[in-house]
Amino acid sequence: MSDFNQFPSQLETSQEYHTEPVKKKKKGRKVQSFLSMVTAGVVGSMLTIVAIPNIDTLQNLSEKISGVTGEQNSAVSSSNENNEAAAVVTTATSTTQNSDDIAVADMVEASSKAIVGIVNLQEQTSRYSTDTSAVEAGSGSGVIFKVTGNEAYIVTNNHVIEGASEIEVSLYNGEKASAQLIGADALTDLAVLKIDSKDVEGTLEFGDSSTLRAGEEVLAIGNPLGLEFSRTVTQGIVSATDRTIAVTTSAGEWELNVIQTDAAINPGNSGGALLNSSGQVIGINSLKISEDGVEGLGFAIPSNDVVPIVNQLIESGQITRPYMGVSLAGLEELPQMYLQEVPETVTEGAMVMQIDSSSAAAKAGLAVGDVIVSIDDVKVTNSNDLRKYLYNDLSVGDEITLKVYSKGQEKTVTMTLTDQQATS
């Protein structure tokens, strides 16, 4: 149903929480690739549908990110001031890190100037009065990737700042700044913040993550276990590319494309940079496997996935998604009482649990209890299949055809996808 619970925490976000975490649980489910457990958030009651920007076109981009200048293979700039969108920079193929330890140390020192600490502050009411105050609910990391005039832009994970009433950023020189949330996207676990640029000493550019190969050396820079260990550097290799991890977020279930690395990623590293040997950001650290007997399984969101999302967040403050206006649940999640009118031959699909009365689904005649078994002749085995197809392949304005079982009878439903604002 729409109120999906969380799996046990074998897979953890690398954010540091200082308050007692809320315990959540969820029935196990199969996930793609080698992972069997995932982290979770709270699922929204209405399914929003997205067409994530096509990242293939980014692979040929050679323009540097927003005025960042490189020097001796360093992707750091102390002066970056223009209004250009973030872009992927051509990355030279390399299988080994620069063998000159001094050069590597110089690159790390320069890169660290663009790594920030992020503190999530949330309102808390006193137990003994009605007074409220902002207390630290968690901390993470972020990367300064653009400076325009007096404004500096930071990319981090959505789960680092989600629920914050205030966001505080700790800079390289020790200064602290209040950050404005420009936009966040729960499904891709990305967010963009803005701060005053007066104390910013450097920015980082995005490398081309599509060129990565298993075995390439990488560095992770972030704030494990909080700001006490700020800008900790760990080294490892790319363990695998194009991994897919099923996650549950506050916007719904999704399969996140990630880079796997054995560079140590710990709580507090979320939102920090995964760097290639040229000092370019090729991933935003986000997740790790946390289980007895498991070591060196960390995951980062590829830079080629990050760039289109941050650009759209800066431009509009949100990711525009097509909207069906339904809340769905896979048949395997439902107790037998919900399946009484479903034919015995129908064992897979997504049942409609709720409908927005002003949505495309309502206008097309979908009803609560209908079971969707295909979309545009693509088989739907569960609600996540439907999301995945819509998120990756469709846009606002597209017409879709659903094969549906309604009160035991098969029927075909067509609808034109809108955005959520158009129905509200």
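We now turn to the structure provided with this report. (Residues numbered from 1 in each chain as written. Predicted model: local features only at pLDDT ≥ 70, side-chain atom pairs only at ≥ 80, totals over all residues. Heavy atoms only, no water.)

1. Points about the overall build of the chain
Rules: A run of DSSP states H or I qualifies as a helix once it reaches four residues; a run of E qualifies as a strand once it reaches two. Both are numbered from the N-terminal end. Only protein chains enter the accessibility calculation, which uses a 1.4 Å probe; a residue whose area is less than 20% of its type maximum is buried, one above 50% is exposed, and one in between is partly exposed. For the area figures, the Shrake-Rupley method with a 1.4 Å probe applies, and any residue is considered shielded solely by the protein chains shown.
In terms of regular secondary structure, the chain is built from six helices and 26 strands. Counting all 424 residues of the chain, 52% fall into the buried class. A total of about 18,700 Å² of accessible surface is found on the chain, and carbon and sulfur atoms cover 44% of it.

2. Here we look at unusual backbone geometry
Across the chain, the bulk of peptide bonds are trans and the bulk of non-glycine residues have phi less than zero. In this structure, D242 takes a positive phi of about 60° despite not being glycine. Inspection of the secondary structure puts D242 in strand 15 (residues 232-249). Its identity as a non-glycine residue notwithstanding, K407 has a phi of 50°, on the positive side. Positionally, K407 belongs in the loop between strand 24 (399-406) and strand 25 (409-416). Judged by its relative accessible area of 67%, K407 is exposed.

3. A short note on the pattern of salt bridges
Where charged atoms of side chains with opposite charge meet at close range, the side chains can pair. For clarity, the cut-off: Salt-bridge detection follows one rule: a side-chain nitrogen of Lys or Arg within 4 Å of a carboxyl oxygen of Asp or Glu.
Taken as a whole and assessed by the stated rule, the structure comprises five salt bridges. Between E151 and K194 there is a salt bridge, with its nearest N and O atoms 3.3 Å apart. Remark: K194 occurs in strand 11 (residues 190-196) and E151 occurs in strand 7 (residues 151-156); sequence separation between them is 43 residues. Residue classification places K194 among the buried positions, given a relative accessible area of 17%. Between D185 and R321 there is a salt bridge; the shortest N-O distance is 2.4 Å.

4. A short note on the nonpolar core
As a reminder, the rule being used: Among buried residues, the Ala, Val, Leu, Ile, Met, Phe, Trp, Tyr and Cys ones that are joined through side-chain atoms within 4.5 Å form a nonpolar core. Two residues form a contact once any of their heavy atoms are found within 4.5 Å.
Grouped together as the largest cluster of nonpolar side chains are 55 residues, with contacts concentrated most on I118, V155, V169 and I195. Once residues within four sequence positions are removed from consideration, V169 is found in contact with V116, G117, I118, I154, E175, K176, A177, A179, L193 and I195. Judged by nonpolar contacts, the second largest core, of 21 residues, contains A360, I372, L390 and I400.

5. Some points on the pairing of strand 8 (residues 166-170)
Selection rule: Note: two strands are recorded as paired if DSSP finds a minimum of 2 bridges between them.
Pairing of strand 5 (residues 115-125) with strand 8 involves five bridges; the strand directions are antiparallel. Following the sheet pairing, V119 is matched in strand 8 by E168. The pairing of strand 8 with strand 9 (residues 176-178) spans three bridges and is classified as antiparallel. When the bridges of strand 9 are listed, E168 appears paired with S178.

6. Examining the sheet that holds strand 6 (residues 132-148)
Here is the rule we go by: All axes here are fitted lines through C-alpha atoms, helices being fitted over the stretch that makes contact, and every angle between N-to-C directions spans 0 to 180 degrees.
One open sheet holds the seven strands; their spatial order is 9-8-5-6-7-11-10, and the pairing between them is antiparallel. Looking at the sheet topology across the chains shown, the edges are occupied by strand 9 and strand 10 (180-185). Put simply, the sheet's adjacent strands are angled 30° from each other on average, direction ignored. Two elements, strand 5 and strand 6, share 11 bridges in a ladder whose sense is antiparallel. The residue of strand 6 that forms the bridge with Q122 is V135. Lying on the sheet, helix 3 (residues 303-316) is in contact with strand 6, strand 7, strand 10 and strand 11; it crosses strand 11 at an angle near 55°.

7. Here's the deal with helix 5 (residues 383-393)
Here is the rule we go by: Under the rule applied, a polar contact is a pair of N or O atoms within 3.5 Å (in protein, one hydrogen donor and one hydrogen acceptor; residues adjacent in sequence only if both atoms are side-chain atoms).
Those residues of helix 5 not exposed but buried are S383, N384, L386, R387, Y389, L390 and Y391. Capping the start of helix 5, N382 holds a side-chain oxygen 3.1 Å from the backbone nitrogen of N384, two or three residues further along.

8. A closer look at helix 3
Count 3.6 residues to each turn of an α-helix, and residues three or four apart come out pointing the same way. Cut-off, in case you're wondering: Here the expected span of a helix is defined as 1.5 Å times the quantity of residues minus one.
Compared with the 20 Å implied by 1.5 Å per residue over 14 residues, the 20 Å span of helix 3 between its first and last C-alpha is a close match. Among the 14 residues of helix 3, 11 are classified as buried, and the element is accordingly described as predominantly covered. Of the positions making up helix 3, those classed as buried are S303, N304, D305, V306, V307, P308, I309, V310, N311, Q312 and L313. Where helix 3 ends, the next residue or the one after it, G317, has phi of about 80°, a positive value.

9. Some details on the packing of aromatic side chains
Basically, it comes down to this: Two rings belonging to Phe, Tyr or Trp (six-membered ring only in the last case) form a pair when the distance between their centres is within 6.5 Å. Interplanar angles under 30 degrees mark stacking, angles over 60 mark edge-to-face geometry, and anything in between is tilted. Each ring is checked for a lysine NZ or an arginine CZ that lies within 6 Å of its centre and within 35 degrees of its normal; such an atom marks a charge sitting over the ring.
The full count for this structure, using the stated rule, is one aromatic pair. Geometrically, the ring pair formed by F145 and F206 is tilted, given 5.8 Å between the ring centres and 45° between the ring planes. Residue F145 is located in strand 6, and its partner F206 is located in strand 13 (residues 206-207); the two are separated by 61 residues in the primary sequence. Overall, the relative accessible area of 0% leaves F145 in the buried class. Across from the ring centre of Y153, 5.4 Å away, lies the NZ or CZ of K146, which sits over that ring.

10. Focus on the pairing of strand 11
The buried fraction of strand 11 is high, at six of seven residues. For strand 7 and strand 11, the ladder comprises six bridges, and the chain directions are antiparallel. Residue pairing in the sheet places Y153 in a bridge with K194 of strand 11. Relative to strand 11, strand 10 runs antiparallel, the two sharing five bridges. Its bridge partner being in strand 11, D185 is matched across the sheet by L190.

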